[in-house]
Amino acid sequence: MEVANQSIVAGFALLGLSDQPKLEKMFSVLIVLMYMVILLDDGVPILVTTLDSHLHTPMYFFLGNLSFLDTCYTTSSIPLVLDGFLTPQETISFSACALQNFLSFAIGACYERNEGLMFVLCDTDPT
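Residues numbered from 1 in each chain as written. Predicted model: local features only at pLDDT ≥ 70, side-chain atom pairs only at ≥ 80, totals over all residues. Heavy atoms only, no water.

Asker: Can you tell me about the packing of helix α1 (residues 21-51) against helix α3 (residues 78-86), naming the residues and giving the values?
Answerer: Two elements in contact, α1 and α3, have axes separated by 9 Å at closest approach and are oriented at 160 degrees. The orientation of α1 relative to α3 falls into the category roughly antiparallel. Along this stretch, α1 crosses α3, giving a crossing that reads as left-handed. Of α3, the residues touching α1 (which contributes Glu24, Lys25, Phe27, Ser28, Ile31, Val32 and Tyr35) are Ile78, Val81, Leu82, Phe85 and Leu86. Split by residue class, the contact of α1 with α3 holds nine nonpolar, one polar and two charged. (Axes fitted to C-alpha atoms, helices over the stretch in contact; angles between N-to-C directions. Helix = DSSP H or I, 4+ residues; strand = E, 2+ residues; numbered from the N terminus. Parallel < 35°, antiparallel > 145°, perpendicular 65-115°, else oblique. Left-handed = near helix turned anticlockwise from the far one by under 90°. Contact = heavy atoms within 4.5 Å. Nonpolar A, V, L, I, M, F, W, Y, C, P; charged D, E, K, R; others polar.)

Asker: Which residues make up the nonpolar core, and what are the values?
Answerer: By size, the foremost hydrophobic cluster in this structure holds five residues: Ile31, Tyr35, Ile78, Leu82 and Phe85. Secondary structure elements with two or more residues in this core: α1 and α3. Element by element, the count of residues in this core is highest for α3, at three residues. The contacts of Tyr35, once residues within four sequence positions are left out, are Thr74, Thr75 and Ile78. (Core = buried A, V, L, I, M, F, W, Y, C linked by side-chain atoms within 4.5 Å. Buried < 20%, exposed > 50% of the residue type's maximum accessible area, 1.4 Å probe, protein only.)

Asker: Explain the confidence of the model for the protein to me, using residue names and the numbers behind them.
Answerer: Per-residue pLDDT for the protein averages 78, and the proportion of residues at 70 or more is 83%. Here helix α4 (residues 94-124) stands out as the least confident element of the protein, with mean pLDDT 71; α1 is the most confident, with 89. (pLDDT = per-residue confidence, 0-100.)

Asker: Quick rundown of a nonpolar patch on the surface? Include the residues and the values.
Answerer: Residues Leu23, Met26, Phe27, Leu30 and Met34 make up a contiguous nonpolar surface patch of about 430 Å² in total accessible area. Residue position: Leu30 is located in helix α1. (Patch = residues over 30% accessible without salt bridge, like charges linked within 9 Å, V, L, I, M, F, W, Y side chains within 5 Å. Areas by Shrake-Rupley, 256 points an atom, 1.4 Å probe, with all protein chains shown as cover. Salt bridge = Lys/Arg side-chain N within 4 Å of Asp/Glu carboxyl O.)

So this is what it looks like as structure tokens:
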């Protein structure tokens, strides 16, 4: 009679910096600060192009969309990184990993498409 492997894997193990908790706290503060800068840096173009009626041209519309996509792209990964640094849980489920990969690839594809359209508009803009 053969004995089969009966182990079940529920997710991926995240190693990180688990042996140096002080570095994890320092990195999490640094990541939060960088995330705030990213949100501010991407929020300004969206706000300016929305409020100034002179900037309601296709080029600035796509610049606002690029800023929005950049915000979405960073927001799809930063919370998981912070969760890994701040909680003792060192695993990620297969479904959470697949969802994060899907969001990253989908937002990246939108970003590339939007960037290509923006370059075409910049070349044909009469101003």
